[in-house]
Amino acid sequence: MDPARLPEWLAAEVASWPQDAWGAHQTRLLLRDGRVVEPVAVLPSGDVVGWGQAGSADFSADDIVAIERIDE
């Protein structure tokens, strides 16, 4: 399964956030069904990739309703 891509309406906001050493943005996602998925990284390509418990979460870009930095 291909990773979800960050929706265009969120891309500009996330682009202004600080990047980690690999150029990714560390975030948590709120999905349409109420789930919170974390931790996830938004890669420079726009792909959204989870790890740990978030690595097994099944969602698509259309499921994302909000995003939050986890470094704040």
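Report on the accompanying structure. (Residues numbered from 1 in each chain as written. Predicted model: local features only at pLDDT ≥ 70, side-chain atom pairs only at ≥ 80, totals over all residues. Heavy atoms only, no water.)

Quick word on the overall build of the chain
Short version of the rule: Under the DSSP-based scheme used, a helix requires at least four consecutive residues in state H or I and a strand at least two consecutive residues in state E, with every element numbered from the N terminus. Exposure is judged per residue with a 1.4 Å probe applied to protein chains only, and the accessible area is read against the type maximum: over 50% gives exposed, under 20% gives buried, and values in between give partly exposed.
Tallying secondary structure elements over the chain gives one helix and five strands in all. Element order for the chain, N to C, with α for helix and β for strand: β-α-β-β-β-β. Projected onto its principal axes, the C-alpha coordinates of the chain cover approximately 30 × 25 × 25 Å. Residues counted as buried form 33% of the 72 residues belonging to the chain.

Points about the nonpolar core
This is how it is decided: Working definition of a nonpolar core: buried Ala, Val, Leu, Ile, Met, Phe, Trp, Tyr and Cys residues. They are joined through side-chain atoms within 4.5 Å. Any two residues having at least one pair of non-hydrogen atoms within 4.5 Å are treated as being in contact.
Counting residues in each nonpolar core, the largest one holds 15 residues, and the members touching the most others are Leu6, Leu29, Val37, Val48, Phe59 and Ile67. Breaking this core down by element, the ones donating at least two residues are α1 (8-15), β2 (25-31), β3 (36-42) and β5 (64-69). Examining the composition of this core, we find that three residues originate from one element, β3, more than from any other. Once residues lying within four places of it in the same chain are set aside, the contact partners of Val37 are Arg28, Leu29, Leu31, Ala54, Ala57 and Phe59.

Remarks on the environment of Pro18
Considering the arrangement of structural elements, one finds Pro18 in the loop between α1 and β2. A relative accessible area of 42% places Pro18 in the partly exposed class. Pro18 sits 40 residues away from Asp58 along the chain, and the two C-alpha atoms are 26 Å apart. What Pro18 contacts, discounting residues up to four positions off in sequence, is Ala24, His25, Arg69 and Asp71.

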